Amino acid sequence: MASESIRLDGALVGKARIIGNALSRSPAKQIEHWAKIGRMMEDNAIKYLIANPLLGQQKKGDLVYLRVFKFKMVKQLTLLGYSYVDGDVILELLSIGSHENFYRDMKKN
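Residues numbered from 1 in each chain as written. Predicted model: local features only at pLDDT ≥ 70, side-chain atom pairs only at ≥ 80, totals over all residues. Heavy atoms only, no water.

Student: Before we move on, can you summarise the overall build of the protein with the specific residues and values?
Tutor: Of regular secondary structure, the protein possesses three helices and four strands. Going residue by residue from the N terminus, the α and β elements of the protein occur as α-α-β-β-β-β-α. Whereas a compact globule of 109 residues would reach a radius of gyration of roughly 13 Å, the protein reaches 17 Å, over 25% beyond that. Within the protein, counting contacts between residues at least 6 apart in sequence, those at least 24 apart form 29% of the total. In the protein, 17 positive and 11 negative side-chain charges are present, and the distance between their average locations comes to 8 Å. (Helix = DSSP H or I, 4+ residues; strand = E, 2+ residues; numbered from the N terminus. Rg over C-alpha atoms; globule rule 2.2 N^0.38 Å. Contact = heavy atoms within 4.5 Å. Lys, Arg positive; Asp, Glu negative; His and termini not counted. Charge placed at Lys NZ, Arg CZ, Asp CG, Glu CD.)

Shown next as structure tokens:
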């Protein structure tokens, strides 16, 4: 498996060190574990939308093409923006992230 160096917030690494130590994991392995959990949560939200595409709230005005599904991911409200054409089973994932600047960034696209 290839590896790559990335910069992480010191507080995150500190928490990973404490929790990882309690669970017999290195800080890197603890962060990998958290990343896997996050990926599974995102995957589950997407699978849920595929089965129920009208769950997301239809936006108005400049964002009329957008539906937004809100869900909690590790105690943080996460928004998943997508488009859905009635009758088609095609979801186009447009954005996923926290509420901060979500709609402003969508208007830029």
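Having seen it, we continue.
Student: Before we move on, could you go through the nonpolar core and cite the residues and values that matter?
Tutor: Side chains that are nonpolar tend, in soluble globular proteins, to be buried together. The biggest cluster of nonpolar side chains holds eight residues, and these are A45, L49, F69, F71, M73, L80, Y82 and Y84. Among the elements of the structure, α2 (27–51), β2 (67–73) and β3 (76–84) are those that each provide at least two residues to this core. In this structure, M73 is in contact with G38, M41, E42 and T78, ignoring residues within four places of it in sequence. Core analysis: the second largest hydrophobic core is formed by seven residues, L66, V68, L79 and Y103 among them. (Core = buried A, V, L, I, M, F, W, Y, C linked by side-chain atoms within 4.5 Å. Buried < 20%, exposed > 50% of the residue type's maximum accessible area, 1.4 Å probe, protein only.)

Student: Tell me about the packing of helix α1 (residues 10–22) against α2, and name the residues and values.
Tutor: Packed helix pairs are characterised by how far apart their axes lie and by the angle those axes make with each other. Interaxial distance between α1 and α2 falls to 8 Å at its minimum, and their mutual angle equals 100 degrees. By the angle class used here, α1 and α2 are roughly perpendicular. Counted together, L12, V13, K15, A16, R17, I19 and G20 of α1 and P27, Q30, I31 and W34 of α2 form the full contact between these two elements. When grouped by side-chain class, the residues that make up the contact of α1 with α2 number seven nonpolar, two polar and two charged. (Axes fitted to C-alpha atoms, helices over the stretch in contact; angles between N-to-C directions. Parallel < 35°, antiparallel > 145°, perpendicular 65-115°, else oblique. Nonpolar A, V, L, I, M, F, W, Y, C, P; charged D, E, K, R; others polar.)

Student: Quick one: what's the story with the pattern of salt bridges, residue by residue and with numbers?
Tutor: Within the structure shown, the criterion is met by two salt bridges. One salt bridge in this structure joins D105 and R104, with 2.9 Å as the shortest N-O distance. Take D105: its relative accessible area is 33%, and that puts it in the partly exposed class. For R104, a relative accessible area of 43% corresponds to the partly exposed category. (Salt bridge = Lys/Arg side-chain N within 4 Å of Asp/Glu carboxyl O.)

Student: For unusual backbone geometry, give the residues involved together with the corresponding values.
Tutor: Backbone geometry at S24 places phi at a positive 60 degrees, although glycine is not the residue there. Within the secondary structure layout, S24 lies in the loop between α1 and α2.

Student: Account for the pairing of β3, with residues named and values stated.
Tutor: For β3, a buried count of seven out of nine residues is recorded, marking the element as mostly surrounded by other parts of the structure. Where β2 and β3 come together, seven bridges link them in antiparallel fashion. Looking across to β3, one finds that V68 is bridged to G81. Counting the residues that bridge the hairpin from β2 to β3 gives two residues, and of these V74 lies at a positive phi of roughly 50 degrees. (Pairing = 2+ DSSP bridges.)

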